[in-house]
Each structure stands twice: as C-alpha cells, then as structure tokens.
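# Fold and geometry: a report
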Amino acid sequence: KVEVGRIQLGPAVVRDGTVSEVWVEVDLPGDDLATAEEQVSKRMQKKGAELDCGFSLSIPIAPGSRALAALREAVASEQEEDADIFFALKARGAAGGAARQLGEGFVSLRTIVESGNELVAVPVALSGDAGTLSVSVAAVDALRLAG
C-alpha cells in the first residue's frame, strides 16, 4: 500500500501565480503493479502552502502473481533506482495548458527490506525546492514474500 497524505508546497510554488492546480504522480517499480491511471492522485486547487492529497493505492501481492514477480525483480536488480517508488509533483495553470513537473522525490523499497519497518508519514523532499510530501508505504509482508 502506498499513500501520500499531506503536501507542503515550497515557498516558490506557493508564490508562483502560474500554478493553480497540483497533483502527484506515483511511479512504482516494474510495469505490472498498477495502471498509469491508478498511480495519479486527485487534482487539488492550490489554496495555500499545505494540501491534503489523500492518495492511496493498494496492490494485492499473492504468491505466484505477476505483481510479486515484478516486486522481486525490482528489489533484486543491480540498479538501485529499480527498487525506488518515485513521486512527481505536477502542476497546471488556471488557463489549462500543458502539465509541468515541479519536483520529484523517492523512497526505496530496499530501505524497507533492510529495516523491516513500514514507512509511516515519512517526509519526502522534492527536487527544485518544490516542497515535501508525507508518504507511507506498507510493504513489509509483500517484500518478505518476494524475498
């Protein structure tokens, strides 16, 4: 389970008059864990520095499933970033137009494997001083199964 709770926007984003709505796109390891649509939060009007994202995605991980195979492959990969869950803060202006990325951050599934602990409301700093996300990842049982 992956959750994004609070978004604390950086001062530059708060002052940026070209940003009227924001959302978070989550990029899970592997291609078989969730659809692209499932990995996008609701769009939120920028009404201040702090927003409640309320994003939650649960992925059933069963023995023998493609999702378990993808998780196992991500954690075992020689490329460290293959085991990362990426979070991108996206924005659009009031007049619409193309979406733009304000910043990106990540958490590593390997951190969960090594510690044996779930991540609960962990602050994830976004690049470009875009802000901070409060992220929770409940994956200990799934990672033990993948191990």
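It should be noted that the structure appears before, not after, this text.
All figures in this text were calculated on a predicted structure; none of them were measured in a lab.

Reading the values: the criteria
- Residues numbered from 1 in each chain as written.
- Predicted model: local features only at pLDDT ≥ 70, side-chain atom pairs only at ≥ 80, totals over all residues.
- Heavy atoms only, no water.
- Helix = DSSP H or I, 4+ residues; strand = E, 2+ residues; numbered from the N terminus.
- Rg over C-alpha atoms; globule rule 2.2 N^0.38 Å.
- Buried < 20%, exposed > 50% of the residue type's maximum accessible area, 1.4 Å probe, protein only.
- Contact = heavy atoms within 4.5 Å.
- Lys, Arg positive; Asp, Glu negative; His and termini not counted.
- Charge placed at Lys NZ, Arg CZ, Asp CG, Glu CD.
- Polar contact = N/O pair within 3.5 Å; in protein donor to acceptor, adjacent residues only side chain to side chain.
- 1 Å grid on protein atoms, 1.4 Å probe; cavity = no way out; pocket = protein on both sides within 12 Å on 5 of 7 lines; lining within 4 Å.
- Points joined across faces, edges and corners; volume = space filled by probe spheres on them.
- Nonpolar A, V, L, I, M, F, W, Y, C, P; charged D, E, K, R; others polar.
- Pairing = 2+ DSSP bridges.
- Axes fitted to C-alpha atoms, helices over the stretch in contact; angles between N-to-C directions.
- Arc of directions from axis to C-beta.
- Phe/Tyr/Trp six-rings, centres within 6.5 Å; stacked < 30°, edge-to-face > 60°.
- Lys NZ or Arg CZ within 6 Å of the ring centre and 35° of its normal.

## Some points on the overall build of the protein
In terms of regular secondary structure, the protein is built from four helices and eight strands. Taken from N to C terminus, the helices and strands of the protein fall in the order β-α-β-β-β-α-β-β-α-β-β-α. The C-alpha radius of gyration of the protein comes to 16 Å, within 12% of the 15 Å expected for a compact globule of 147 residues. For the protein, the spread of C-alpha atoms along the principal axes amounts to about 50 × 25 × 25 Å. Counting the 147 residues in the protein, one finds 43% classified as buried. Contacts in the protein between residues far apart in sequence, at least 24 positions, make up 62% of those at least 6 positions apart. Looking at charge distribution, the protein has the averaged site of its 14 positive side-chain charges lying 8 Å from that of its 22 negative ones.

## Let's talk about the side chain of Lys-90
One can find Lys-90 in strand S5 (residues 84-93). A distance of 3.5 Å separates the side chain of Lys-90 from the side chain of Glu-25, its partner in a polar contact. Not counting chain neighbours up to four residues away, the residues in contact with Lys-90 comprise Glu-21, Val-22, Trp-23, Glu-25, Arg-100 and Gln-101.

## As for the layout of surface pockets
Unfilled space is identified by rolling a water-sized probe across the atoms. For the largest pocket, the calculated volume is near 210 Å³. Considering the residues around the largest pocket, the lining is formed by 18 residues, among which Lys-1, Ile-59, Leu-71, Ala-138 and Ala-139 are closest to the centre. When its residues are assigned to classes, the lining of the largest pocket shows 15 nonpolar, no polar and three charged.

## Focus on the sheet that holds strand S7 (residues 119-126)
In spatial order, the strands read S4-S1-S8-S7; together these four strands make up an open sheet with antiparallel pairing. For this open sheet the edge positions go to strand S4 (50-57) and S7, each flanked by a neighbour on one side alone. Between one strand and the next, the sheet's axes are offset by a mean angle of 20°, whatever the strand orientation. The pairing of strand S1 (residues 2-9) with strand S8 (residues 131-137) spans six bridges and is antiparallel. Of the residues in S8, the one forming a bridge with Ile-7 is Leu-133.

## Points about helix H2 (residues 66-76)
Considered for burial, the residues of H2 that qualify are Ala-67, Leu-68, Ala-70, Leu-71 and Ala-74. Buried residues in H2, looked at end-on, bunch into an arc of 160°, giving them a common side. Turned more than 90 degrees from where H2 packs its buried face, Arg-66, Glu-73 and Ala-76 sit exposed.

## Structural notes on the packing of aromatic side chains
Counted by the stated rule, this structure contains one aromatic pair. Seen from their ring centres, Phe-86 and Phe-106 are 5.8 Å apart, and the 45° between their planes marks the pair as tilted. With Phe-86 in strand S5 and Phe-106 in strand S6 (residues 96-108), this pair connects stretches of sequence that are 20 residues apart. The ring of Trp-23 is capped by Arg-43, whose NZ or CZ atom sits 3.7 Å from the centre of that ring.

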